[in-house]
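Residue-level listing of the chains:
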Amino acid sequence: MTAVATPVTRAATRVGGMRTALVMFETRRLLRSPALWVAAVAVFALRTFYTWGWLPDLTTETINTAGTALLLTAVVMVQANLAATRDQRHGLPETLGAVPVAAEVRTLAAAVATAAVGAALSGLVMGLHLLIHSLAGPVVGRFDPYEPLGAVTATALAAVLGVAIGRWLPWLVAGPLAVFAFALVVLFTGTGEAGGWWFLVIAQHMPEWGDRPSGSHLVYLLAMTVLVVAVALLRHGPRPLRVGAAVAALAVALPAGIVTASRAPVLPWTLPRHEQAAVPNHLGEHVCEKRDAVTYCAYPGYTAWVPIWEEIMRPVVAAVPPAAAGRIPVVRQETLRDNRTPAVGRTVSTWMVWPSGYAGPHRALLAGTAAATVVGMRSSGLRWGQNRVCDARNQARTVVALWLAGQKEPLLSPGSHVHWLAQGATRDISSQLGEAQYGSSELGYARRLLEQPGARERIWAGWDTLVRPGTTLAEALPLLGLREEFPIEAPRGTTCR
Amino acid sequence: MNPTISLSALSKRYGRAQVLDRIDLEIGPGVTGLLGPNGAGKSTLLRCLATTLAPDAGRASILGRDPADAASRTEIRRRLGYLPQDPGHYPHFTAFELVEYVAILKEHTDRRERHREVRRVLAEVDLADRAKTRVRKLSGGMRQRLALAQALLGEPELIILDEPTVGLDPEQRMRFRALISRLGESRTVLLSTHQTEDVAALCERVVVMNHGRTVFEGTPRGIAEVAAGQVWLSDEPPAASRLFWRTADGRYRTLGHEQPGAVLADPTVEDGYLLLLGEPAEAAA
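This structure is a prediction, so every number in the text was calculated from the model and none was measured. (Residues numbered from 1 in each chain as written. Chains lettered and ligands numbered in written order. Predicted model: local features only at pLDDT ≥ 70, side-chain atom pairs only at ≥ 80, totals over all residues.)

1. So, the overall build of chain B
For step 1, the next point in the chain: Across its full length, chain B carries 10 helices and 13 strands.
For step 2, the next point in the chain: For 285 residues, the compact-globule estimate of 2.2 N^0.38 gives 19 Å, and chain B sits close to it at 21 Å.
For step 3, the next point in the chain: Seen through its C-alpha atoms, chain B measures out along the principal axes to roughly 70 × 45 × 35 Å.
For step 4, the next point in the chain: By residue count, 45% of the 285 residues in chain B fall in the buried class. (Helix = DSSP H or I, 4+ residues; strand = E, 2+ residues; numbered from the N terminus. Rg over C-alpha atoms; globule rule 2.2 N^0.38 Å. Buried ≥ 20, exposed ≤ 12 C-beta atoms within 10 Å, placed from the backbone.)

2. Some details on helix H3 (residues 58–68) of chain A
For step 1, the next point in the chain: For H3 of chain A, a buried count of 10 out of 11 residues is recorded, marking the element as mostly surrounded by other parts of the structure.
For step 2, the next point in the chain: Buried within H3 of chain A are the following residues: Thr59, Thr60, Glu61, Thr62, Ile63, Asn64, Thr65, Ala66, Gly67 and Thr68 of chain A.

3. Some words on the nonpolar core
For step 1, the next point in the chain: Among the nonpolar cores identified, the biggest contains 149 residues, and Met77, Val160 and Val228 of chain A together with Val99, Leu146 and Ile160 of chain B are the most heavily contacted of them.
For step 2, the next point in the chain: Apart from residues lying up to four places away in sequence, Val99 of chain B is in contact with Val118, Val121, Leu122, Leu146, Ala149, Gln150 and Leu153 of chain B.
For step 3, the next point in the chain: If you look at the next biggest cluster of nonpolar residues, it comprises 63 residues, including Trp309, Cys390, Leu402 and Ala446 of chain A. (Core = buried A, V, L, I, M, F, W, Y, C linked by C-beta atoms within 7 Å. Contact = placed C-beta atoms within 7 Å.)

4. Side note on the sheet that holds strand S3 (residues 330–333) of chain A
All names here are of chain A.
For step 1, the next point in the chain: An order of S1-S2-S3-S4 is seen for the 4 strands of this open sheet, with the pairing classed as mixed. Every interior strand has two partners, whereas the edge strands, strand S1 (287–291) and strand S4 (347–350), have only one. Mean inter-strand twist for the sheet, computed between neighbouring axes without regard to direction, equals 20 degrees.
For step 2, the next point in the chain: Where S1 meets strand S2 (residues 294–298), 5 bridges bridge the pair, whose relative direction is antiparallel. Paired with Val287 across the bridge in S2 is Ala298.
For step 3, the next point in the chain: Its contacts with the sheet place helix H12 (residues 306–318) against S1, S2, S3 and S4, and it is angled at close to 155 degrees to S2. (Pairing = 2+ DSSP bridges. Axes fitted to C-alpha atoms, helices over the stretch in contact; angles between N-to-C directions.)

5. Overview of the environment of Tyr438 of chain A
For step 1, the next point in the chain: Here Tyr438 of chain A shows up in the loop between strand S8 (436–437) and helix H16 (440–451).
For step 2, the next point in the chain: Leaving out residues up to four positions away in the same chain, Tyr438 of chain A has contacts with Ala392, Arg393, Thr398, Leu402, Pro414, Ser431, Leu433 and Leu443 of chain A.

6. A few points about the packing of helix H7 (residues 146–168) of chain A against helix H9 (residues 214–234) of chain A
Residues and elements named next belong to chain A.
For step 1, the next point in the chain: At a minimum axis separation of 9 Å, H7 and H9 run at an interaxial angle of 15 degrees. For the element pair H7 / H9, the angle class is roughly parallel. The crossing of H7 and H9 is left-handed.
For step 2, the next point in the chain: Residues of the contact of H7 with H9, tallied by class, amount to 17 nonpolar, 6 polar and 2 charged. (Parallel < 35°, antiparallel > 145°, perpendicular 65-115°, else oblique. Left-handed = near helix turned anticlockwise from the far one by under 90°. Nonpolar A, V, L, I, M, F, W, Y, C, P; charged D, E, K, R; others polar.)

7. Side note on the domain arrangement of chain A
All names here are of chain A.
For step 1, the next point in the chain: What the domain assignment reports for chain A is domain 1 (12–273) and domain 2 (287–480).
For step 2, the next point in the chain: Across the boundary between the two partners, domain 1 contributes 16 residues, which contact 13 residues of domain 2.
For step 3, the next point in the chain: For the side of domain 1 that touches domain 2, a count of residues per class yields 9 nonpolar, 4 polar and 3 charged. (Domains from an automatic or database assignment.)

8. Some details on the sheet that holds strand S11 (residues 244–246) of chain B
Adjacent strands of a sheet form backbone hydrogen bonds with each other and so pair up, either parallel or antiparallel.
Residues and elements named next belong to chain B.
For step 1, the next point in the chain: Spatially, the 4 strands line up as an open sheet ordered S11-S12-S10-S13, and their pairing is antiparallel. Of all the strands in the sheet, the pair left with one neighbour each is S11 and strand S13 (263–264).
For step 2, the next point in the chain: Here 4 bridges tie strand S10 (residues 231–234) to strand S12 (residues 252–255), and the two strands are oriented antiparallel to one another. The residue bridging Trp232 from the neighbouring strand is Thr254, located in S12.

9. Some details on helix H10 (residues 240–262) of chain A
All names here are of chain A.
For step 1, the next point in the chain: The terminal C-alpha atoms of H10 lie 33 Å apart, and with 23 residues this matches the ideal 33 Å at 1.5 Å per residue to within 8%.
For step 2, the next point in the chain: The set of residues buried in H10 consists of Ala249, Ala253, Ala256, Gly257 and Thr260.
For step 3, the next point in the chain: In this fold, the buried residues of H10 make contact with H9. (Expected span 1.5 Å × (residues − 1).)

10. Overview of the domain arrangement of chain B
Residue and element names in this part refer to chain B.
For step 1, the next point in the chain: Entries for chain B in the domain assignment read domain 1 (1–79 + 156–217), domain 2 (89–151) and domain 3 (224–284).
For step 2, the next point in the chain: Computed over C-alpha atoms, the centres of domain 1 and domain 3 are 29 Å apart.
For step 3, the next point in the chain: With 9 residues of domain 1 at the contact, the number on the domain 3 side is 9 residues.
For step 4, the next point in the chain: Here the side of domain 1 that touches domain 3 takes 3 residues from helix H7 (residues 196–202), the largest share from any one element.
For step 5, the next point in the chain: Its residues assigned to classes, the side of domain 1 that touches domain 3 shows 7 nonpolar, 2 polar and no charged.

11. Structural notes on the environment of Met77 of chain A
Residues and elements named next belong to chain A.
For step 1, the next point in the chain: When you line up the elements, Met77 lands in helix H4 (residues 70–85).
For step 2, the next point in the chain: Remark: the alpha-carbon pair of Met77 and Ile312, spanning 235 residues in sequence, is separated by 49 Å.
For step 3, the next point in the chain: With residues near it in sequence (within four places) discarded, Met77 still touches Ala158, Ala159, Leu161, Gly162, Gly175, Ala178 and Val179.

12. Here's the deal with the packing of H3 of chain A against H7 of chain A
Residues and elements named next belong to chain A.
For step 1, the next point in the chain: Close contact between H3 and H7 brings their axes to 9 Å; oriented N to C, the two are set at 5 degrees. As the angle between them shows, H3 and H7 are arranged roughly parallel. Facing Thr62, Ile63 and Ala66 of H3, the residues of H7 in contact are Glu147, Pro148, Gly150 and Ala151.
For step 2, the next point in the chain: The class makeup of the residues in the contact of H3 with H7 is 4 nonpolar, 2 polar and 1 charged.

13. Quick word on the interface of chain A and chain B
For step 1, the next point in the chain: Each side of the interface is counted separately: chain A has 18 residues, and chain B has 25 residues.
For step 2, the next point in the chain: Where the side of chain A that touches chain B is concerned, the elements lending two or more residues are helix H1 (7–31) and helix H5 (93–96) of chain A.
For step 3, the next point in the chain: With 6 residues, the single largest contributor to the side of chain A that touches chain B is H1 of chain A.
For step 4, the next point in the chain: Class assignment of the residues belonging to the side of chain A that touches chain B gives a composition of 10 nonpolar, 5 polar and 3 charged.

14. Observations regarding the confidence of the model for chain B
Residue and element names in this part refer to chain B.
For step 1, the next point in the chain: Confidence in the prediction of chain B, expressed as mean pLDDT, is 87, and 96% of residues score 70 or more.
For step 2, the next point in the chain: The least confident element of chain B, judged by mean pLDDT, is helix H10 (residues 279–284) at 44; the most confident is helix H4 (residues 111–124) at 94.
For step 3, the next point in the chain: Note on residues 280–285: pLDDT is under 50 here. Beyond four places in sequence and across chains, it has 9 contacts.
For step 4, the next point in the chain: Reported confidence for the predicted complex is 0.82 by ipTM and 0.82 by pTM. (pLDDT = per-residue confidence, 0-100.)

15. A few points about unusual backbone geometry
All names here are of chain B.
For step 1, the next point in the chain: At Glu107, a residue that is not glycine, the phi angle is positive and equals roughly 70 degrees.
For step 2, the next point in the chain: Its place among the elements puts Glu107 in the loop between helix H3 (95–105) and H4.
For step 3, the next point in the chain: The phi dihedral of Asp126 is positive, around 60 degrees, even though this residue is not glycine.

Listed below in structure tokens is the structure:
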């Protein structure tokens, strides 16, 4: 039996093939667009620049990368808009009016091609960055696959939005104006407050903000993409399929958006000050484990960094006399918000970020604040917003603390300002011992001790005297086996007790 | 044989202006020239025939189909090649891309076949070596040929060309004539032009339009014959006539009544055309 194609079948085949050809043509043109590739490279470069030198935290990095990818999203939107308005430009409408392919097919092809290319490029850039960044060291945080998928969908949504704007407002300026308007929205709602959860993606995230309702947000974005395609096609007439698709997409987008907005984490600073303390820490309870004499408390998902902290603490702990082992502090990971509250017990804080390459200042600070705690300095912790700076000059325990801190880590010169980087917050730290200031003489004697054989035995033997706050350098030098070598400076301001 | 185009009382109005006024016309295979002054309604008529503009009244049959019906209109477009008066170009496309884009929109779905077809039409208009050149870098004449190339895609049965020789140099015009006459051997070619020489050289039939109406239908010879006995050559400028001009050999060519001292000359298509248009043409001359 011979199969005979009916005219309807032939027509359907022809339309299907032509749609594919048109989509492929638009795709090839987009892939040759320098603007698109420049944006893709820029997103990759910017994200690499921001994260260069830091260990990967997937809780924030997926969202922050998605936020940076909005640059690519904006360019995709403009390109999609240009593709959609092409029919109206350069005097082509007359020529295109006499071709058998209807304008709605061109609209659909532009929407499909720009959405596919935009989404693929966005996925490629984000995937490549996250993969390379993940190789930088121990990965912490939680990878939420809906977040990058949401960003990819957002790019597709921006593409079809560009096409819809091009069809309904076929002016060359409409696309760039729309991008500008959305940029303003992102600028003001990029961290999720004031309705930002409805928007494409969130530009920035912190670990303690809690998990975003990324699943329902993805559904919202997908439904919005379908809705916008339907709206673009409605420009060519209200056909039942288009109206039906628009209504169905709206029926999904609206509840998904409401769910997303209602489950969005509350950001403390969007609340009145007296209510901020009541906002729970979404990271959960610390996971604590004891290694040698030290307890390390990390937030769930961040325990992969404990070996790094342990490596810093091990030489300090080894230099503490057994009798003083009880003074060894707990190493506790803190968010910026944790750090604004008074320290709990004998703890030293470590942070939600950690360098991947040279970590000298971070290591020196952890070792130094731990050593200061061991020798009993009360203002040893680095507490944000609590002005407890004191002066530990001419105190024997300052030399001991620096000696402990310098067992393996470098000693920082007094007054050398270290940028304390935690979750993007930068603060100058002028002392390795936290808020206890010291001078060049304390540092000089500590260095002499580190060079001197038998220093450990002498320090252990005179420990109780040496760590007493009232013991001066002059009194300590004989106990330490050191001769007077550096001019002793008097304390300035409040003396550390 | 059925005519390719058959129009009955076709009318079109822009506001108060009656641009097409009850046009009755039949056009069959071969090359037909459409002559007329600016504003005569030529481009409007061609746009109606190319299905980009719907007439207000009257009936049309194009390639045996009624363009008022959506499905028939699509079928007409599949078999139609159209070069509008102002074809437009995408400056950032290459010549190949522009023609390929139109080829896709003309349902050339198979990529290999489509590329072959694009190369063929580019060769037809002598742009094969410019295929990869961006349109913005092409000269005006090249762009006009590029626009003509897209109209030739798929070897359409009906080719409508609105002033296709604008911007072409003499050599290109000669090549264009050769191409059109070759196409006219097997298809229906309708071209609008101001160039009466093109009509004389190319067209088997001529339609002259004025004020939205057809004022002449016939052969180029027929239009020239309209001026038979009304074309005069004299050594002195005629005193009574307003429609005369000095020719290259220094003599005066006069259209109209017999002039004293003048001798009768052989009429041309242009002579007939100018006489058909009457006063407006005299004023224009």
